[in-house]
Structures are given as structure tokens and as C-alpha cells.
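Residue strings, one per chain:
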Amino acid sequence: MLIPIEGVLSSDEVRQFRQRLDAADWQDGAKTAGSLARAVKHNLQIDDGSALAVELGNHVLRRLAAQPLFVSAALPRRVYPPKFNRYTGGGTYGTHIDSALMQVPGTDITVRSDLSATLFLSEPEEYDGGELQIDGPFGVQAVKLPAGDLVLYPSSSLHRVTPVTRGARVASFFWIESMVREDAQRALLFDLDQSIQALTPLAAPDDPHLVRLTGVYHNLLRRWAST
Ligand code: NI
């Protein structure tokens, strides 16, 4: 399931991020790719340990924690510290799959990548190409969102970023280990939760059907979640 989340960052926040990122020290992204992905990865990244990456990454995490849609969709258990990349001058990332297990640098914490996230920091009209293409059960889905918006997609899917032929595509990207490991189970919980949220203002607070549906949600979560 592919879930867009609008307005994770405001336009003011995007502007501040970009002022600082555009002036930052960018390095060859191939350094941090796995052996297969290295051959197809042609972009730039900021050193994860830099003060800038840590500060901006923490800001993204605080915004996400306050996004009910993100929490409902991802049911996050752990989030890998957000990273930052930049594609320009034909930069591209060919078809690959993200590593399943990622050690958080400088810690003994390993994050299993259940969901991948891309937070767009360039407006679509700033660059040509640079689509995030995700292979799914219904074919290829192309994603290019306004700056400040984020897309969540299953880390189990093959994906790529098409060459950026004009301008620059700046983004933050990271991975989420979910309390519910299976995408299909998480998708059912998300649908159920979203419907309950939509029905709640229409029903009486003690509506027995809504109470029962809420019970179903929690009992499925109890069955499927690990903490
Ligand atoms: Ni990837």
C-alpha cells in the first residue's frame, strides 16, 4: 500500500530546510549503498553524523509523531534517523530493494525496514524527471509530491528514482519498523481505523456498532502487533 501524507512540513519549514541543505556539504551517495545497489545509485547525500542531518532529521521525526495519519498508517515501533539526498545533472537511482536490516550508526539498535518513506523537499516544478517509481501488484506507481509531503510504501517493493534532467530534487528518506510487520495486516488496520475515525463524528458517542468496531480494531492490533 502506498500512502501519501500531506503537509508533514509547512512551506516555511521547507524553505528553512532548503536554505541550510542547499549550502551543505554533499557527498557521493554510492558510499552508503549495498554492493548491488551501489552500481545503480548516482546521487548525493549528507553525512548522517553531521550536526545538520541530526538536527533536521529530529525535526522531521517530531513532525511525524504529531501526524495521526502517519501513526495510523505506519504503527511505528522504531524509525531510522532520516537521511537527506540530492539528485541533479542526470542523477538517478536504478531499480533496487532497500536492505531489510539497518543498524543505526553509533548504536547497537537494528531497524527492520517494513516501510520506506520519502519526504519531498523540492517542488515538482523545480526539476524534471526524479520520479519515485514503485513496482506494486497493480503495476508501476509514479510519485512526485509537493515539497513538505511524504509518501510511505512497503520496503519489500522494487523501486527507483528516474534521472533528474533539470534542476535539483532534494528529499529526506528513512525507514520504519512497524509494530505490525505484514503489509496486508497493516493495510487492514489502517482502513478500519480510518473508517472508524470518519464515522465517529456522525454517530452518538455510545453508538454500540462504533464501540464494537473499535473493539475489533484493538483486538486485531492485540493479535498482530509486537512491541
Ligand atoms: Ni530505496
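Throughout what follows, the structure given in this document is the object of discussion. Please read these numbers as outputs of a predicted model, since none were measured by experiment.

Digging into a nonpolar patch on the surface
Then step 1. A cluster of nonpolar residues, Leu199, Leu202 and Leu213, forms a patch on the protein surface that exposes about 290 Å² of accessible area.
Then step 2. Summarising the element assignment, leucine 213 is placed in helix H6 (residues 208–224).

Concerning the coordination of the nickel ion
Then step 1. Of the protein atoms, only His96 (NE2), Asp98 (OD) and His159 (NE2) coordinate the nickel ion, at distances of 2.1 Å.
Then step 2. Ordering the donors of the nickel ion by residue number gives the pattern H-x1-D-x60-H. This pair shows no difference in class: histidine 96 is buried, exactly as aspartate 98 is.

Considering the packing of helix H1 (residues 11–22) against helix H3 (residues 51–65)
Then step 1. Running from N to C, H1 and H3 cross one another at 165°; their axes reach a closest spacing of 11 Å. Judged by the inter-axis angle, H1 sits roughly antiparallel to H3. H3 is crossed by H1, and the crossing has left-handed handedness. Across the interface between the two elements, Glu13, Phe17, Arg20 and Leu21 of H1 pack against Leu52, Glu55, Leu56, His59, Val60 and Arg63 of H3.
Then step 2. Classifying every residue of the contact of H1 with H3 gives 5 nonpolar, 1 polar and 4 charged.

Here's the deal with the pairing of strand S14 (residues 150–154)
Then step 1. Burial within S14 is extensive, with 5 of its 5 residues counted as buried.
Then step 2. Note: strand S1 (residues 3–5) against S14, 3 bridges, orientation antiparallel. Opposite isoleucine 5, over in S14, you have leucine 150 as the bridge partner.
Then step 3. Note: strand S10 (residues 115–120) against S14, 5 bridges, orientation antiparallel. Among the inter-strand pairings, leucine 115 is bridged to a residue of S14, identified as proline 154.

Things to note about H6
Then step 1. Across its 17 residues, H6 extends 24 Å between first and last C-alpha, which sits within 8% of the 24 Å expected from 1.5 Å per residue.
Then step 2. For H6, the set of buried residues is Leu210, Tyr217 and Leu221. Relative to the axis of H6, the buried residues are bounded by an arc of 30° and lie together on one face. Exposed positions of H6 whose direction lies more than 90 degrees from the buried face are Pro208, His209, Arg212, Arg222 and Arg223.
Then step 3. Buried positions along H6 lie against helix H5 (183–199).
Then step 4. Capping the start of H6, aspartate 207 holds a side-chain oxygen 2.8 Å from the backbone nitrogen of histidine 209, two or three residues further along.

Quick look at the layout of surface pockets
Then step 1. A volume near 480 Å³ is recorded for the largest pocket.
Then step 2. Taken together, 31 residues form the lining of the largest pocket, with Lys41, Tyr93, Asp98, Phe173 and Trp175 sitting closest to its centre.
Then step 3. Elements that contribute at least two residues to the lining of the largest pocket include exactly strand S6 (83–88), strand S7 (92–96), strand S8 (101–103), S10, strand S15 (159–161) and strand S17 (168–178).
Then step 4. Looking at which element gives the most residues to the lining of the largest pocket, the answer is S17, with 5 residues.
Then step 5. Residues belonging to the lining of the largest pocket are distributed by class as follows: 16 nonpolar, 11 polar and 4 charged.

With respect to the pairing of S7
Looking along a regular strand, one sees the side chains alternate between the two faces of the sheet.
Then step 1. Across the 5 residues that make up S7, a large majority, 4, are buried.
Then step 2. Here 2 bridges tie strand S3 (residues 41–42) to S7, and the two strands are oriented antiparallel to one another. Bridge pairing in S7 links histidine 42 to threonine 92.
Then step 3. Where S7 lies against S15, 2 bridges are found, and the strand directions are antiparallel. Across the sheet, residue histidine 96 finds its bridge partner in S15, namely histidine 159.

The rules behind each value
Residues numbered from 1 in each chain as written. Predicted model: local features only at pLDDT ≥ 70, side-chain atom pairs only at ≥ 80, totals over all residues. Heavy atoms only, no water. Patch = residues over 30% accessible without salt bridge, like charges linked within 9 Å, V, L, I, M, F, W, Y side chains within 5 Å. Areas by Shrake-Rupley, 256 points an atom, 1.4 Å probe, with all protein chains shown as cover. Salt bridge = Lys/Arg side-chain N within 4 Å of Asp/Glu carboxyl O. Helix = DSSP H or I, 4+ residues; strand = E, 2+ residues; numbered from the N terminus. Donors = N, O, S within 2.8 Å, 3.2 Å for Na, K, Ca; no water. Buried < 20%, exposed > 50% of the residue type's maximum accessible area, 1.4 Å probe, protein only. Axes fitted to C-alpha atoms, helices over the stretch in contact; angles between N-to-C directions. Parallel < 35°, antiparallel > 145°, perpendicular 65-115°, else oblique. Left-handed = near helix turned anticlockwise from the far one by under 90°. Contact = heavy atoms within 4.5 Å. Nonpolar A, V, L, I, M, F, W, Y, C, P; charged D, E, K, R; others polar. Pairing = 2+ DSSP bridges. Expected span 1.5 Å × (residues − 1). Arc of directions from axis to C-beta. Polar contact = N/O pair within 3.5 Å; in protein donor to acceptor, adjacent residues only side chain to side chain. 1 Å grid on protein atoms, 1.4 Å probe; cavity = no way out; pocket = protein on both sides within 12 Å on 5 of 7 lines; lining within 4 Å. Points joined across faces, edges and corners; volume = space filled by probe spheres on them.

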